Amino acid sequence: MKKHLLFLGAPGAGKGTQAELLSQNNSYLHLSTGELLRKEIEINTILGRQVKDIINSGELVSDELVLKIVRQNLDRDHNKKGWILDGYPRNLSQANSLNEVLNEINQPLEVVFYLDIPEEVLIKRLLLRGRKDDTEETIRTRVDIYKKTTEPLIQYFKDLSLLEYIDADRDLKSI
């Protein structure tokens, strides 16, 4: 069984839900970059203080800093059963850097699950979850950003023979 996994897909496609289910069923480490950043801030590490300062200033956390936090978590002994990356990498530059790190630590990516979902279904799904910032306009903006920055990863991982398509246009528990 493959044990170094990545979930790729648009916001709301179900990456986090699927990664969490697979993680629980296989005792894999689930690494969501958003959660990792929040955890570093919460436990007040040096990296966490850096991240907090960056976020408080309204800036985006750099690729280098995110990669450092991801690597730190992958380097720990508790991931020997396997790990799942969720929401990272988000662009080709991050994917190349991540591959370098994974090769250095001898934990190469084995499969990338691409949760494919029609845009209109995605927008409906996100509107139904009822978050304050989930207006149709903000959702469409996020989807457009995703298309520009993250969709090129689909071809990148396909070229590496790592990509597996999943139809995410159904109940998330049945995927």
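Bringing the overall build of the protein chain into the picture now. Within the protein chain one finds eight helices and five strands. Compactness check: the protein chain gives a C-alpha radius of gyration of 16 Å against a globular reference of 16 Å for 175 residues, within 12% of the reference. Residues counted as buried form 42% of the 175 residues belonging to the protein chain. Sequence-distant contacts, at least 24 apart, represent 73% of the contacts inside the protein chain between residues at least 6 apart. Within the structure as shown, the protein chain displays about 9,900 Å² of accessible surface, and the carbon and sulfur contribution to it stands at 50%. Taking the average location of the 25 positive side-chain charges in the protein chain and that of its 28 negative ones, the two points are 4 Å from each other.

Looking now at the packing of helix H2 (residues 33-42) against helix H4 (residues 63-74). Between H2 and H4, the shortest axis-to-axis distance is 10 Å and the interhelical angle comes to 90°. Comparing their axes, H4 and H2 come out roughly perpendicular. Along its contact with H2, which presents Thr33, Leu36, Leu37, Lys39 and Glu40, the element H4 presents Val66, Ile69, Val70, Gln72 and Asn73. Looking at the contact of H2 with H4 residue by residue, the classes come out as five nonpolar, three polar and two charged.

Turning next to the packing of helix H6 (residues 119-128) against helix H7 (residues 136-149). When two helices pack together, you describe them by how their axes are tilted relative to each other and by the distance separating the axes. Relative to each other, H6 and H7 sit at 135°, their axes nearing to 10 Å. Classified by the angle their axes make, H6 and H7 are oblique. With respect to the hand of their crossing, H6 and H7 are arranged in right-handed fashion. Residues Glu119, Glu120, Leu122, Ile123, Leu126 and Leu127 of H6 lie in contact with H7, whose contacting residues are Glu136, Ile139, Arg140, Val143 and Lys147.

All told, the structure shown has three aromatic pairs when counted by the stated rule. Summarising the aromatic geometry, the rings of Tyr156 and Phe157 are spaced 5.0 Å apart at their centres and angled 80° between planes, so their arrangement reads as edge-to-face. Residue class for Tyr156 comes out buried when judged on its relative accessible area of 17%.

Below, the discussion takes up the sheet that holds strand E4 (residues 111-116). Spatial strand order, E2-E3-E1-E4-E5: five strands in an open sheet with parallel pairing. At either margin of the open sheet sits one strand with a lone partner, and together these are strand E2 (29-32) and strand E5 (163-167). For this sheet the average axis-to-axis angle between neighbouring strands, irrespective of direction, equals 20°. In this structure, E4 lies alongside E5, joined through five bridges in parallel fashion. Counted as the bridge partner of Phe113 is Glu164 from E5. Running at roughly 85° to E2, H2 makes contact with E2 and strand E3 (83-86) of the sheet.

Cut-offs used in this document
Residues numbered from 1 in each chain as written. Predicted model: local features only at pLDDT ≥ 70, side-chain atom pairs only at ≥ 80, totals over all residues. Heavy atoms only, no water. Helix = DSSP H or I, 4+ residues; strand = E, 2+ residues; numbered from the N terminus. Rg over C-alpha atoms; globule rule 2.2 N^0.38 Å. Buried < 20%, exposed > 50% of the residue type's maximum accessible area, 1.4 Å probe, protein only. Contact = heavy atoms within 4.5 Å. Areas by Shrake-Rupley, 256 points an atom, 1.4 Å probe, with all protein chains shown as cover. Lys, Arg positive; Asp, Glu negative; His and termini not counted. Charge placed at Lys NZ, Arg CZ, Asp CG, Glu CD. Axes fitted to C-alpha atoms, helices over the stretch in contact; angles between N-to-C directions. Parallel < 35°, antiparallel > 145°, perpendicular 65-115°, else oblique. Nonpolar A, V, L, I, M, F, W, Y, C, P; charged D, E, K, R; others polar. Left-handed = near helix turned anticlockwise from the far one by under 90°. Phe/Tyr/Trp six-rings, centres within 6.5 Å; stacked < 30°, edge-to-face > 60°. Pairing = 2+ DSSP bridges.

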